[in-house]
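Summary of structural features
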Amino acid sequence: MTRLASALRALAATAATLLAVTAAAPGASGATGTSEASGASGAGEGSRTSRPTAPEEFVALPTVAPTIIQEIRYITPHNFVGEPIDGYDQPLCILTRPAAQALQRAQSKLLRQGYSLKVYDCYRPQRAVDHFVRWAKDLTDERMKPEFYPQVDKSRLFTDGYIAEKSGHSRGSTVDLTIVKLPARPTLPYVPGEKLVPCYAPQGERFRDNSVDMGTGYDCFDTLSHTDDPRIRGEQRANRQLLKSTLADAGFTNLPEEWWHFTHKPELFPDTYFDFPVSWRSVVGR
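Residues numbered from 1 in each chain as written. Predicted model: local features only at pLDDT ≥ 70, side-chain atom pairs only at ≥ 80, totals over all residues. Heavy atoms only, no water.

A word on the overall build of the protein
When its secondary structure is counted, the protein shows six helices and nine strands. Burial statistics for the protein: of 286 residues in total, 52% are counted as buried. Total accessible area computed for the protein in this model is approximately 12700 Å², and 54% of it derives from carbon and sulfur atoms. (Helix = DSSP H or I, 4+ residues; strand = E, 2+ residues; numbered from the N terminus. Buried < 20%, exposed > 50% of the residue type's maximum accessible area, 1.4 Å probe, protein only. Areas by Shrake-Rupley, 256 points an atom, 1.4 Å probe, with all protein chains shown as cover.)

Some thoughts on the pairing of strand S6 (residues 174-181)
Burial runs high along S6: seven of the eight residues are buried. For strand S5 (residues 115-121) and S6, the ladder comprises six bridges, and the chain directions are antiparallel. Residue pairing in the sheet places Asp-121 in a bridge with Asp-176 of S6. In terms of strand pairing, S6 meets strand S8 (residues 261-264) through three bridges, oriented antiparallel. Within S8, the position partnered with Thr-174 by the bridge is Thr-263. (Pairing = 2+ DSSP bridges.)

Examining the packing of aromatic side chains
A ring pair, where both rings are aromatic, is described by two values, the distance of the centres and the angle of the planes. Tallied over the entire structure, the rule returns 20 aromatic pairs. Between Phe-58 and Tyr-123 the ring centres are 5.9 Å apart and the planes differ by 75 degrees, which places this aromatic pair in the edge-to-face class. Of the two residues, Phe-58 is situated in strand S2 (residues 58-60) and Tyr-123 in the loop between S5 and helix H3 (126-137); the sequence distance between them amounts to 65 residues. The pair Phe-58 / Tyr-123 is uniform in exposure class, with both members buried. (Phe/Tyr/Trp six-rings, centres within 6.5 Å; stacked < 30°, edge-to-face > 60°.)

Remarks on the pairing of S8
Of the two faces of S8, the one holding His-261 and Thr-263 and the one holding Phe-262 and His-264 are both buried throughout. For strand S7 (residues 252-254) and S8, the ladder comprises three bridges, and the chain directions are antiparallel. Looking across to S8, one finds that Phe-252 is bridged to His-264. Linking two consecutive strands that pair antiparallel, namely S7 and S8, is a turn of six residues.

Concerning the sheet that holds S7
The five strands are arranged S3-S5-S6-S8-S7 in an open sheet whose pairing can be described as mixed. If you trace the sheet from one side to the other, it starts and ends with strand S3 (69-70) and S7, each paired once. Of the strands in this sheet, S5, S6, S7 and S8 are in contact with helix H2 (residues 97-111), which crosses S5 at around 145 degrees. The sheet contacts of helix H5 (residues 234-249) involve S5, S6, S7 and S8, and relative to S6 the element is tilted by about 125 degrees. (Contact = heavy atoms within 4.5 Å. Axes fitted to C-alpha atoms, helices over the stretch in contact; angles between N-to-C directions.)

Some words on the pattern of salt bridges
Scanning the model with the defined rule gives 18 salt bridges in all. Its salt-bridge partner being Lys-118, residue Asp-209 comes within 2.9 Å of it at the nearest N-O pair. With Asp-209 in the loop between S6 and H5 and Lys-118 in strand S5, this residue pair connects regions lying 91 residues apart in the sequence. For the pair shown, Asp-209 and Lys-118 are each scored as buried. Of the charged contacts in the structure, one is a salt bridge between Arg-231 and Asp-229, with a shortest N-O distance of 2.8 Å. (Salt bridge = Lys/Arg side-chain N within 4 Å of Asp/Glu carboxyl O.)

Right, here's the structure in full:
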C-alpha cells in the first residue's frame, strides 16, 4: 500500500467516525433567518414555531468531501472570544453545494502532493456574528487578547475591520481553512486557563496546530495575517501561496487581509445572511 493510499484510508476512517458521532449528537432550537437591509427574509427560515433549516442548496461537507479534516473552532472555547459561539450545535462544516464540490476538487489536487485541507469555519449563523459583536463591545473582556490580538486595542476591532455586523460566512460560500501535511498529526486540545502565546510567535511556540507553518495562527488579528505581507517569507510564504493558488484554481477568491479566508464565486446567495444552526439536523432534517 502506498503512503498516499494509507493517508487516504486514515482520513476516510476519521471522517466516518465524525459522521457517526455528529449524527447522533443532539440538536438545538434556533431563531429565524436574517438578510440584508433590503428587508428580504432569509431562505429556509421556516415558520415561527418550527426549527429553521438550510435551503436545499446547502450540504454538510463530509457528504461531498469526506477526506477534508474538520476542526471547527467556534464550537470550542479556543477562539478570540474564549467560549463556544452561539449557533454552533455540532462540529460540522456546512456550505453551499458548489463551494463544497469546489473544495473537493482542491482536496484531490492536494492529496496527490501529500497534503490535506483542514477547515476551521464554514457557514456561520448570523447569531454567531451577533455574539462576536456583543463581545467586541464589552471592552472589559480581554481573556483571549494575549493570543489573538496582543497588539490591537480592543476598542479598535470594528474600526480596523476585524469585527463587523455582517459576515460573508453567513451567505454559505465562504470558508476558513489551512493545509495539513500527511499523515496528519492530531491537534492537541486547548485547555481553558492555559498560558496563551501570541498568534504570530514561531510555530513551535504558538498554539499547537497540526497545519503547515503559515506564519501566524488562525484568526490572528494582526497585519502579519495579510496573505501577501512582505515580512512572511520562505516556507511560510510558499505554504500560503500553495493554499491560495490551489483554491484559486477551484474558483475561490482570497480575502487579502486573512490568509485563511476564501469565498467561492459566483455566490449562490450574494445578498442573504442565514441564521439556521450549524448541525446535521439543519441539512438532513429538511
